[in-house]
Amino acid sequence: MRKLWCLVKVDFRAMLAALNFGRSKKGRAGGIGTLVLLTVLPLYLSGVYSFLLGEWMSENGALGFLMPVMALLGIFMSLMFTMFGASGIVYGGRDMDLMLSLPVPAFSVMLAKLLALYLENLVFCGLWLIPAGAALGVYGGVSLGFILSMALAVLFTPFLPALLGALIGWLVAFAEGRLRRKALVASLLYLALFGILIAGGMQVNRLAGLMMQNAAALQHVLNTWLLPMGLLQSALAGSFPALLGYLAVCLVPFLAAAWLLSLRYKAILTGLSSRAMGKA
């Protein structure tokens, strides 16, 4: 655990360096500006949207759908902000040969990388959920169980965009290590994935319309295709088994992905290095 914590700190500092946290005043100012933007933007957007949507849903007796809708929007938007750097966070770094030569399992190295990606998503996605929880509490009431469930949701929901970002990073790194013209391939992949996210975000916005037309159909979607959001909805309504299920749905696939990706970690890094050497 101590080795893992040290690796997480190294990767987290590397992530901050990628945000232009440099030693110069200009670098620190740029990094702080980026961090402020990532902090203020989700709070403002989610605050405005959550309270408007919460008031409307409360008047129509559908307040229970507020958090699933807002959580989905937060996941999509967080992924949009972080997916472009996911490949660099997971598979980048000049010290990877040194890291893998240390007496540390590849799983620990990969898990540390993914945890750094999780921390990046926590800044946006976690902050996005706070105003949504506040709106739900204002219009629906607050209890100790609700506060506990909301706090855990803020901490665990960012595992979902971090997992998706890690898979996108693996796809880009795999393509760059196997194909020629890696810059073109990466750009096309990012463009296609960004288009998919935009389309998905538009579908989330249509959930409110589906709620008005057929709330039962929306609830069925939450209990099947969007099961994590259905579990979150039940957890905030006071279901302890649903809370445990939601935490497991967020964390277990994240850990499983870290283990599966670690199996091919060295091979992908070797492919990237050989491609770079061949280009040089």
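Going by the structure above, here's the rest.
1. A look at the packing of helix H3 (residues 66-91) against helix H5 (residues 106-140)
For the pair H3 and H5, interaxial distance at closest approach is 9 Å and the crossing angle is 155°. The pairing of H3 with H5 is recorded here as roughly antiparallel in orientation. As H3 packs across H5, the resulting crossing turns out to be right-handed.

2. Overview of helix H6 (residues 144-156)
The terminal C-alpha atoms of H6, which comprises 13 residues, lie 18 Å apart, in line with the 18 Å expected from a rise of 1.5 Å per residue. Here H6 has its buried residues at Phe146, Ser149, Met150, Ala153, Val154 and Phe156.

3. Considering the side chain of Ser149
Along the chain, the position of Ser149 falls in helix H6. Classification of Ser149 by relative accessible area gives buried; the value is 7%. For Ser149, the contacting residues outside a window of four places in its chain are Ala235, Leu236 and Leu243.

4. So, the packing of aromatic side chains
As enumerated under the stated definition, the model contains 7 aromatic pairs in all. On the numbers, 5.7 Å between centres and 55° between planes, the contact of Phe156 with Phe159 is tilted. What makes Phe156 buried here is its relative accessible area of 19%. Counting every residue linked through ring pairs, the aromatic cluster contains Tyr118, Phe156, Phe159 and Phe254.

Cut-off values and rules
Residues numbered from 1 in each chain as written. Predicted model: local features only at pLDDT ≥ 70, side-chain atom pairs only at ≥ 80, totals over all residues. Heavy atoms only, no water. Axes fitted to C-alpha atoms, helices over the stretch in contact; angles between N-to-C directions. Helix = DSSP H or I, 4+ residues; strand = E, 2+ residues; numbered from the N terminus. Parallel < 35°, antiparallel > 145°, perpendicular 65-115°, else oblique. Left-handed = near helix turned anticlockwise from the far one by under 90°. Expected span 1.5 Å × (residues − 1). Buried < 20%, exposed > 50% of the residue type's maximum accessible area, 1.4 Å probe, protein only. Contact = heavy atoms within 4.5 Å. Phe/Tyr/Trp six-rings, centres within 6.5 Å; stacked < 30°, edge-to-face > 60°.

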